[in-house]
Amino acid sequence: MAVFVTRRIPAEGLRVLSQAGGCRVQQWDSEEPVPRAELLAGVAGKRGLLCLLSDRIDREVLEAAGPGLKVISTMSVGFDHLALDEIKKRGIRVGYTPDVLTDATAELSVALLLAVCRRLPEAVEQVKNGGWTTWKPLWMCGYGLSDSTVGIIGLGRIGQAVARRLKPFGVKKFLYTGSCPKPESAAEFEAEFVPLTRLAEESDFVVVTCALTPATQGMCNKDFFSRMKTTSVFVNTSRGAVVNQEDLYDALAHGQIAAAGLDVTTPEPLPTDHPLLSLKNCVILPHVGSATYATRNTMAVLAADNLLAGLRGEPMPHELLL
Ligand code: NDP
Ligand code: DGY
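It should be emphasised that the depicted structure is a prediction, and the values quoted were computed from it without experimental measurement.

Caption draft 1: Structural view of the overall build of the chain. Secondary structure summary: the chain contains twelve helices and 13 strands in total. The C-alpha atoms of the chain give 21 Å as radius of gyration, which agrees with the globular expectation for 322 residues (20 Å, within 12%). C-alpha extents for the chain along the principal axes are approximately 70 × 45 × 30 Å. Buried positions account for 48% of the 322 residues belonging to the chain. Long-range contacts, defined as pairs at least 24 residues apart, comprise 62% of the intrachain contacts of the chain with a sequence gap of at least 6. For the chain, the accessible surface area stands at approximately 15,200 Å², while carbon and sulfur atoms represent 54% of it. Taking the average place of the 33 positive charges on the side chains of the chain and the average place of its 35 negative ones, the gap between the two points comes to 2 Å.

In structure tokens, the structure reads:
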């Protein structure tokens, strides 16, 4: 069972593979992404592929792998980097890592929201650069969650975990949107299913936690931001492409919305001269939603377990049903 691992991953995950009888591991043993040519060469003739969200697994990769490729295991819950139609055509099974990163990502989403609405990075900067001259009644004010309306785009695993964490802050009302109402998921928060336009208009905080799909790509655009209140805060921890970044820039620069926090961007990494980075009211993190030691270890082990189960023709702990 020859497998290709596209990056250095937590040791626990690699150990699972190396200790499995009959598994021959070839790895791109680097912190940096595998160059495309190395990916194409590495996957050739392999039966299994363990990849990351930064690897675009498309027809070219599948053709380079050849007909022997039986399992793809991604160390991520998002799977927008996988050409699922091509994968399905070839009868390849896919494993992914839901649930194990939900808490870490929800926690980061809340941390980012609080950092943005209470202007923490700006305030820290003021302390360092001498901007803090005295206590001033009108200085460094932001927006609090108490009595607010929070709109969640995508009340899935992470969306619900975010709502659960925000509720104790005194949120008055939760709204959500998605492909259809989810009464069982929404009941805990008495969340109301609304169209995207109403969510934009009524929310004091918008949190994006949906999957990136053709339907959600560019969903947060000029029209969306123009409907938001000038006092509202926008947070995206899903995928960068859900947001039209030019429209977001305009909305932030012209005071159409109050502030934004992004854990995900297009592209990643965001070039250091990107206009969004020039704005005080935009906080950008380098896609660290799931970045706790424990979560990343668990993700690596789950990705390895998925791969092995797939190779052995057994049920995977988490298989994506194509
Ligand atoms: P889930 O599948 O549980 O949730 C995805 C949600 O997306 C569902 O609620 C779904 O709603 C919603 N959705 C799909 N289509 C639409 C639509 N047209 N409009 C609004 N919502 C829609 O996934 P998770 O919660 O586990 O993860 C969500 C995403 O978060 C991942 O796909 C990944 O991209 C991202 N992520 C980012 C991380 C980070 O580090 N920043 C870490 C982990 C995940 P419905 O069921 O109604 O279609
Ligand atoms: C995912 O799993 O999809 C995240 O973006 C990284 O953990």
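Now, onward.
Caption draft 2: Up close: helix α5 (residues 102-117). Here α5 spans 22 Å end to end across 16 residues, near enough to the 22 Å set by a 1.5 Å rise per residue. In terms of burial, α5 is a largely internal element, twelve of the 16 residues being buried. Looking only at α5, the buried set comprises T102, A104, T105, A106, L108, S109, V110, L112, L113, A115, V116 and C117.

Caption draft 3: Representation of the sheet that holds strand β3 (residues 48-51) within the structure. Taking strand neighbours across the sheet as the criterion, the six strands line up as β2-β1-β3-β4-β5-β13 in an open arrangement whose pairing is mixed. The sheet is open, and its two borders are formed by β2 (24-27) and β13 (319-320), each paired with just one other strand. Relative to strand β4 (residues 71-74), β3 runs parallel, the two being bridged by four bridges. Opposite C51, over in β4, you have T74 as the bridge partner. Running at roughly 165° to strand β1 (residues 2-5), helix α2 (residues 36-43) makes contact with β1, β2 and β3 of the sheet. Packed onto the sheet, helix α12 (residues 293-311) meets β1, β3, β4 and β5 (93-95) and runs at close to 170° relative to β4.

Caption draft 4: Representation of the site of ligand 1. Near ligand 1 lie 29 residues; those nearest to it are R157, I158, S179, K182 and D263. The contact in question runs from an oxygen atom of ligand 1 to an N or O atom on the backbone of L155, over 3.4 Å. A distance of 3.2 Å is found between an oxygen atom of ligand 1 and a backbone nitrogen or oxygen belonging to G289. Burial of ligand 1 by the surrounding chains reaches 86%, relative to a free accessible area of 920 Å². Taken together, the residues that form the shell around ligand 1 break down as eleven nonpolar, 14 polar and four charged.

Caption draft 5: Main features of the UniProt feature "domain: D-isomer specific 2-hydroxyacid dehydrogenase catalytic" (unreviewed entry) in the chain. Mapped onto this numbering, the UniProt entry gives "domain: D-isomer specific 2-hydroxyacid dehydrogenase catalytic" (unreviewed entry) at residues 3-319. The span residues 3-319 shows a helical share of 35% and a strand share of 15%, and its end C-alpha atoms are spaced 18 Å apart.

Caption draft 6: Structural view of the pattern of salt bridges. Across all of its chains, the model carries 18 salt bridges by this definition. E201 is the salt-bridge partner of R227, the closest N and O atoms lying 2.7 Å from each other. Remark: E201 occurs in helix α9 (residues 196-202) and R227 occurs in helix α10 (residues 222-227); sequence separation between them is 26 residues. Look at E201 and you get partly exposed, because its relative accessible area is 36%. Its salt-bridge partner being R227, residue D223 comes within 3.1 Å of it at the nearest N-O pair.

Caption draft 7: Region of interest: unusual backbone geometry. Cis geometry is adopted by the peptide bond preceding P267, which originates at T266 and carries an omega value of -10°. With respect to the element layout, P267 can be found in the loop between β11 (259-262) and β12 (282-284). With omega at -5°, the peptide bond leading from E268 into P269 counts as cis. Note that P269 resides in the loop between β11 and β12. The phi torsion at D99 lies on the positive side, around 70°, for a residue other than glycine. Here D99 shows up in the loop between β5 and α5.

Caption draft 8: View of the nonpolar core. By size, the foremost hydrophobic cluster in this structure holds 68 residues, and its most contacted members are I57, I72, V150, L166 and F174. Beyond its immediate sequence surroundings of up to four residues, L166 is in contact with V110, L113, L145, V150, V171 and F174. Within the second largest apolar cluster, 24 residues are counted, among which are I153, L199, V208 and V243.

What counts as what
- Residues numbered from 1 in each chain as written.
- Chains lettered and ligands numbered in written order.
- Predicted model: local features only at pLDDT ≥ 70, side-chain atom pairs only at ≥ 80, totals over all residues.
- Heavy atoms only, no water.
- Helix = DSSP H or I, 4+ residues; strand = E, 2+ residues; numbered from the N terminus.
- Rg over C-alpha atoms; globule rule 2.2 N^0.38 Å.
- Buried < 20%, exposed > 50% of the residue type's maximum accessible area, 1.4 Å probe, protein only.
- Contact = heavy atoms within 4.5 Å.
- Areas by Shrake-Rupley, 256 points an atom, 1.4 Å probe, with all protein chains shown as cover.
- Lys, Arg positive; Asp, Glu negative; His and termini not counted.
- Charge placed at Lys NZ, Arg CZ, Asp CG, Glu CD.
- Expected span 1.5 Å × (residues − 1).
- Pairing = 2+ DSSP bridges.
- Axes fitted to C-alpha atoms, helices over the stretch in contact; angles between N-to-C directions.
- Near = heavy atom within 4 Å.
- Polar contact = N/O pair within 3.5 Å; in protein donor to acceptor, adjacent residues only side chain to side chain.
- Nonpolar A, V, L, I, M, F, W, Y, C, P; charged D, E, K, R; others polar.
- UniProt positions renumbered as here; feature names shortened; annotations may be inferred.
- Salt bridge = Lys/Arg side-chain N within 4 Å of Asp/Glu carboxyl O.
- Core = buried A, V, L, I, M, F, W, Y, C linked by side-chain atoms within 4.5 Å.

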